[in-house]
Amino acid sequence: MRILVVEDEVRLASGLRSGLEAEGCAVDVAHNGTDGLWLAREKPYDVIVLDIMLPYLNGYQVCQALRDEENWTPIIMLTAKDGEWDQVEGLDTGADDYLTKPFSFAILLARIRALLRRGAQERPAELVAGDLRYDPAARTTWRGDTRVELTSRESAVLEYLLRHRGEAVSKRNILDHVWDDDFEGDPNIVEVYIRHLRNKVDRPFGRTAIETLRGAGYRLASNGG
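None of the values given here were measured: they were computed from a predicted structure. (Residues numbered from 1 in each chain as written. Predicted model: local features only at pLDDT ≥ 70, side-chain atom pairs only at ≥ 80, totals over all residues. Heavy atoms only, no water.)

Visitor: Is there a simple way to explain the packing of helix α7 (residues 171–178) against helix α8 (residues 189–202) in this structure?
Guide: When two helices pack together, their arrangement is given by the angle between the helix axes and by the axis-to-axis distance. Between α7 and α8, whose axes approach to 10 Å, the crossing angle comes to 90°. With respect to each other, α7 and α8 are oriented roughly perpendicular. For the pair formed by α7 and α8, the contact residues are Lys171, Ile174 and Leu175 on the first element and Ile189, Val190 and Glu191 on the second. Considered class by class, the residues forming the contact of α7 with α8 number four nonpolar, no polar and two charged. (Axes fitted to C-alpha atoms, helices over the stretch in contact; angles between N-to-C directions. Helix = DSSP H or I, 4+ residues; strand = E, 2+ residues; numbered from the N terminus. Parallel < 35°, antiparallel > 145°, perpendicular 65-115°, else oblique. Contact = heavy atoms within 4.5 Å. Nonpolar A, V, L, I, M, F, W, Y, C, P; charged D, E, K, R; others polar.)

Structure (structure tokens):
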């Protein structure tokens, strides 16, 4: 497999290259974010090992740029920080995993193998159907250039529909994923929230993205209606 290591600590980068090459990997190394982003754009990699604190462009910026360009190469972020919000930011920008320095090389190898088993899967930061966009991290919804204000529950229903855009989803599917297991209310609450969403993301814009499928449930059109 071919791996890109983006790490500004020269000794660590050299050690990672030697260890990975000993495992039979082809390894390229960049010591700053600008060079790392250029290599990631120019060559096909199986995994990118990406430090966060880098010169010129930091790891968050590199990761975000790649995901914005629909480059879904698996990314493991390396950081000297261990705060939970640093981990959240890394994952929300599109990273697949992270390791806090110092780390075990054996653990890094295991994480790389796990990512390779999963493969490069699409993990966009935003969920999109036509000009309808939802950012799960920021919990913001847009119809074209217009921001749409949704409640947390409306956002959760929309997120589920967007993750399954183009598919029929039943009322029970939505209940199971948006409400908790202790919910004992009227299942028709789903219809109420579907109506709220239509009144906010469809009708004001002359759209009919959220369809009712008789006997099957609902479907959000892949093109956003």
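Visitor: Can you walk me through empty space enclosed by the protein in this structure?
Guide: Rolled over the atoms, a probe as big as a water molecule pinpoints where empty space is left. If you walk through the whole model with that rule in mind, you get one cavity of 30 Å³ or more. Each pocket or cavity is described by its volume, and for the largest cavity that value is around 40 Å³. What lines the largest cavity is simply Ile52, Met77, Thr79, Asp86, Gln87, Gly90, Leu91 and Tyr98. Taken together, the elements giving at least two residues each to the lining of the largest cavity come down to β4 (75–79) and α4 (84–92). Here the element with the most residues in the lining of the largest cavity is α4; it accounts for four residues. (1 Å grid on protein atoms, 1.4 Å probe; cavity = no way out; pocket = protein on both sides within 12 Å on 5 of 7 lines; lining within 4 Å. Points joined across faces, edges and corners; volume = space filled by probe spheres on them.)

Visitor: Looking at this structure, I do not really get the sheet that holds strand β3 (residues 47–51). What am I missing?
Guide: With parallel pairing, five strands are arranged side by side in an open sheet as β2-β1-β3-β4-β5. A single partner strand is all that each edge strand has here, and the edge strands are β2 (26–30) and β5 (97–100). Looking at each pair of strands side by side, their axes are set apart by 20° on average, direction ignored. The pairing of β4 with β5 spans four bridges and is parallel. Opposite Met77, over in β5, you have Tyr98 as the bridge partner. (Pairing = 2+ DSSP bridges.)

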